[in-house]
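# Structure at a glance
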Amino acid sequence: MQKSAVTPCDHQLDTCGLYCPEPVMLLHSKIDELKTGEVLLVVATDPATTRDIPKFCQFLQHKLLLQQEDKHEYRYWIQKS
């Protein structure tokens with residue numbers, strides 16, 4: 001996982017205010033719209049995403065480039081495989 005503070009993205013998905021399983025369901029739909037190699041930034045407020053999104057990436061073999069937490073907001077940069 002990359003440790004750069006600034007990672008560009010091609011698309012963004014805002015799941016703030018949603019709780020499990022909604023963020024991952026929306027992520028699954030959104031990532032299907034991306035082309036291979038494109039990067040999606042997911043913004044979430046559900047702490048369960050710290051477990052669910054890395055597992056999603058691992059299971060579907062997408063690359064989790066960066067994961068950040070800032071107070072009660074979580075950000076994930078995911079590259080579609």
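Refer to the preceding data block for the structure.
Attention here is on the structure that accompanies the text. (Residues numbered from 1 in each chain as written. Predicted model: local features only at pLDDT ≥ 70, side-chain atom pairs only at ≥ 80, totals over all residues. Heavy atoms only, no water.)

## Concerning the overall build of the protein chain
- The number of helices and strands found in the protein chain is 2 helices and 4 strands.
- Ordered by position in the sequence, the α and β elements of the protein chain form the string β-α-β-α-β-β.
- For the protein chain, whose C-alpha radius of gyration is 11 Å, the value lies close to the compact-globule estimate of 12 Å for 81 residues.
- Each of the three principal axes of the protein chain carries a C-alpha extent, and together these read 30 × 25 × 20 Å.
- Looking at the protein chain as a whole, 38% of its 81 residues qualify as buried.
- Taking all contacts inside the protein chain whose residues are at least 6 apart in sequence as the whole, residues at least 24 apart take part in 69%.
- Per element, the accessible surface of the protein chain, about 5000 Å² overall, is 53% carbon and sulfur.
- When the 9 positive and 11 negative side-chain charges of the protein chain are each reduced to one mean point, those points stand 7 Å apart. (Helix = DSSP H or I, 4+ residues; strand = E, 2+ residues; numbered from the N terminus. Rg over C-alpha atoms; globule rule 2.2 N^0.38 Å. Buried < 20%, exposed > 50% of the residue type's maximum accessible area, 1.4 Å probe, protein only. Contact = heavy atoms within 4.5 Å. Areas by Shrake-Rupley, 256 points an atom, 1.4 Å probe, with all protein chains shown as cover. Lys, Arg positive; Asp, Glu negative; His and termini not counted. Charge placed at Lys NZ, Arg CZ, Asp CG, Glu CD.)

## Brief notes about the nonpolar core
- Residues L27, L40, V42, I53, C57, Y76 and I78 are the most contacted members of the largest nonpolar core, which totals 13 residues.
- Elements that contribute at least two residues to this core include exactly helix 1 (22–33), strand 2 (39–44), helix 2 (49–60) and strand 4 (73–79).
- Residues in contact with L40, not counting those within four places in the same chain, are H11, Q12, L13, L27, K30, L34, Y76, W77 and I78.
- Among the nonpolar cores identified, the runner-up in size contains 6 residues, and V39, L41, V43 and L65 belong to it. (Core = buried A, V, L, I, M, F, W, Y, C linked by side-chain atoms within 4.5 Å.)

## Regarding the state of the cysteines
- According to the stated counting rule, one finds 0 disulfides in the structure shown.
- Left without a disulfide partner, C9 is nearest to the cysteine sulfur of C16, which lies 14 Å away.
- C9 sits in the partly exposed class, given a relative accessible area of 34%. (Disulfide = S-S within 2.5 Å.)

## A closer look at helix 2
- The end-to-end C-alpha separation of helix 2 is 16 Å, in line with the 16 Å expected for 12 residues at 1.5 Å each.
- If you check which residues of helix 2 are buried, you get T49, D52, I53, F56 and C57. The buried residues of helix 2 occupy one face: seen down the axis, they fall within an arc of 130°. When the buried face of helix 2 is taken as reference, the exposed residues oriented beyond 90 degrees from it are R51, K55, Q58 and F59.
- On its buried side, helix 2 packs onto helix 1, strand 2, strand 3 (63–70) and strand 4.
- Directly beyond the C-terminal end of helix 2, a positive phi value near 60° is found at Q61. (Expected span 1.5 Å × (residues − 1). Arc of directions from axis to C-beta.)

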